[in-house]
Amino acid sequence: MEFVRGLHNIKSHHKGCILTIGNFDGFHRGHQALLKKLQKKRNILKLPVVVMIFEPQPKEYLSNIIAIRLTRLRDKVNYLCTAGVDVILCITFNKKFAAIEAYNFIKNILISKLDVRFVYIGDDFRFGAFRKGDFILLKKIGKNEGFKVIRIATYFDENNRRISSTAIRVALVENRILDAELLLGHSYCISGRVVHGDELGRRIGFPTANVSLQGKRLPIHGVYAVEVYGISNHPLQGIANVGIRPTVTGKNQQKLEVHLLNVSTNLYTYHIKVVFLAKIRDEQYFSSVKILQRQIKSDIIKVRSYFNKINNINKIYKNGIIYK
Ligand SMILES: Cc1cc2nc3c(=O)[nH]c(=O)nc-3n(C[C@H](O)[C@H](O)[C@H](O)COP(=O)(O)O)c2cc1C
Ligand SMILES: Nc1ncnc2c1ncn2[C@@H]1O[C@H](COP(=O)(O)OP(=O)(O)OP(=O)(O)O)[C@@H](O)[C@H]1O
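Residues numbered from 1 in each chain as written. Chains lettered and ligands numbered in written order. Predicted model: local features only at pLDDT ≥ 70, side-chain atom pairs only at ≥ 80, totals over all residues. Heavy atoms only, no water.

Per an unreviewed UniProt entry, the chain is named Riboflavin biosynthesis protein, and its organism is Candidatus Blochmanniella camponoti.

**Q** Residues and numbers for the packing of aromatic side chains, please.
**A** Scanning all chains against the criterion turns up eleven aromatic pairs. Their ring planes at 80° and their centres at 5.4 Å tell us that Tyr224 and Phe276 sit as a pair that is edge-to-face. Of the two residues, Tyr224 sits in strand S9 (residues 222-229) while Phe276 sits in strand S12 (residues 271-281), which places them 52 residues apart along the sequence. Given the relative accessible area of 0%, Phe276 is considered buried. Three or more aromatic residues joined by ring pairs form one cluster here, namely Phe54, Tyr61, Phe93, Phe97, Phe105, Phe125 and Phe127. The ring of Phe135 carries Arg151 above its face, with NZ or CZ at 4.1 Å from the centroid. The ring of Tyr229 carries Lys273 above its face, with NZ or CZ at 5.1 Å from the centroid. (Phe/Tyr/Trp six-rings, centres within 6.5 Å; stacked < 30°, edge-to-face > 60°. Helix = DSSP H or I, 4+ residues; strand = E, 2+ residues; numbered from the N terminus. Buried < 20%, exposed > 50% of the residue type's maximum accessible area, 1.4 Å probe, protein only. Lys NZ or Arg CZ within 6 Å of the ring centre and 35° of its normal.)

**Q** Tell me about the side chain of Thr154, residues and numbers included.
**A** Assignment of secondary structure puts Thr154 in the loop between strand S6 (148-152) and helix H7 (165-173). At a separation of 2.4 Å, a polar atom in the side chain of Thr154 contacts the side chain of Asp123. With sequence-adjacent residues up to four places away left out, Thr154 is seen in contact with Asp123 and Arg162. (Polar contact = N/O pair within 3.5 Å; in protein donor to acceptor, adjacent residues only side chain to side chain. Contact = heavy atoms within 4.5 Å.)

**Q** I'd like to hear about the environment of Ala99, residue by residue, with values.
**A** By secondary structure assignment, the location of Ala99 is in the loop between helix H4 (95-98) and helix H5 (102-113). Given the relative accessible area of 49%, Ala99 is considered partly exposed. Distance in space between the C-alpha atoms of Ala99 and Thr247 is 45 Å, their sequence separation being 148 residues.

**Q** Describe the domain arrangement of the chain, listing the residues and the values that go with them.
**A** Interface size, as often reported, equals the accessible area lost upon joining of the parts. When cut into domains, the chain gives domain 1 (2-152) and domain 2 (189-318). Between domain 1 and domain 2, the C-alpha centre-to-centre distance is 36 Å. Facing eleven residues of domain 1, the contacting portion of domain 2 comprises 14 residues. Interface area, domain 1 with domain 2, both sides summed: about 1,000 Å², of which 47% is carbon and sulfur. Across the contact surface, domain 1 and domain 2 share zero salt bridges. Taken together, domain 1 and domain 2 are joined by seven residue pairs in polar contact (both at pLDDT 80 or more). Among the elements that make up the side of domain 1 that touches domain 2, the one with the highest residue count is helix H3 (residues 73-82) (three residues). (Domains from an automatic or database assignment. Buried area = accessible area lost by both parts, 1.4 Å probe. Salt bridge = Lys/Arg side-chain N within 4 Å of Asp/Glu carboxyl O.)

**Q** Just give me the short version of the site of ligand 1, but keep the residues and values in it.
**A** Taken together, 21 residues form the shell around ligand 1, and within it Leu200, Thr208, Arg245, Thr247 and Gln284 come nearest. Pro246 places a polar main-chain atom, nitrogen or oxygen, 3.1 Å from an oxygen atom of ligand 1. One of the side-chain nitrogen or oxygen atoms of Thr247 is found 2.7 Å away from an oxygen atom of ligand 1. Contributing elements (two or more residues each) for the shell around ligand 1: helix H9 (200-203), strand S10 (236-243) and helix H10 (289-318). Partitioned by chemical class, the residues of the shell around ligand 1 number eight nonpolar, seven polar and six charged. (Near = heavy atom within 4 Å. Nonpolar A, V, L, I, M, F, W, Y, C, P; charged D, E, K, R; others polar.)

Printed below as a string of structure tokens:
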């Protein structure tokens, strides 16, 4: 898989491709279904599959507030790579790019730069300045210029809901983790490098690994049972807090910190993946660190009991007995 940053880095071997365009935030089941179609076509025609993504995502650039992000670029690249994409073309979304008219986007980028043969899009896909471009325009120009446009049917979940990144963000904000997982088709996770915190955690008896969020805002908030990947060859059980830590700081900056339940090791500079499994409670203000300490102790008991239950369920399934 090749990662190409910017239109100026397109090379002749990227031309004549099967293309799709979008944010692919979360890499949910709708995205997965779309990419399966491209892969099928690639296997028949032996043309490269190119996915055009944007960084920052358009909504992040165009909105005044920090928009919520499901998947960071690094994880998005991994998902797309496992879906068999040949080239990720990552475009810097800025004022100049946002102003490109839909017609010029097709003419100057899809045709001149990429010489697309097939363009696959979902039925709600819009592009170009003021989102004026759509399937009909693509199809019309494609007919004259010799490329095909395939609009794939909307992928719905079992409850007949359209799967979208927006629906998943809403599910997570509303604490519906299992629902979000159902829409995603995989667990909700965040990965990042462990950076230095204020080191108060260690002093209060709960050392925490602070995961860098690089200014991105997570859709979740509160205390969670988590599994942590990237430290040993099996996932480690932990408890995480996502929030602003009102008890110890007056800053309004969201942080993700993880306390490992059974391992005490220096995690600085590790790149870890945190999988969120269940919410324990909301983050709260406590009138003293002592009370917070007591609360965290009781959170840990809850999380341990959650993992015990999960282990028991797994054991019962392994033995072929139906859990009641
Ligand atoms: C399981 C857990 C629950 C937490 N809950 C809260 C909370 O409800 N309110 C709060 O102000 N801080 C909460 N914190 C954050 C602590 O204040 C924080 O871990 C401590 O300040 C250490 O920060 P540091 O790693 O930057 O030194 C929680 C931390 C953990 C690990
Ligand atoms: N449920 C779905 N079924 C079919 N195609 C989809 C589905 N969701 C997204 N797509 C298509 O996948 C491509 C990338 O989508 P993109 O990530 O930009 O949108 P999205 O998932 O609907 O996110 P948002 O909710 O932020 O609009 C687009 O062509 C889009 O139409």
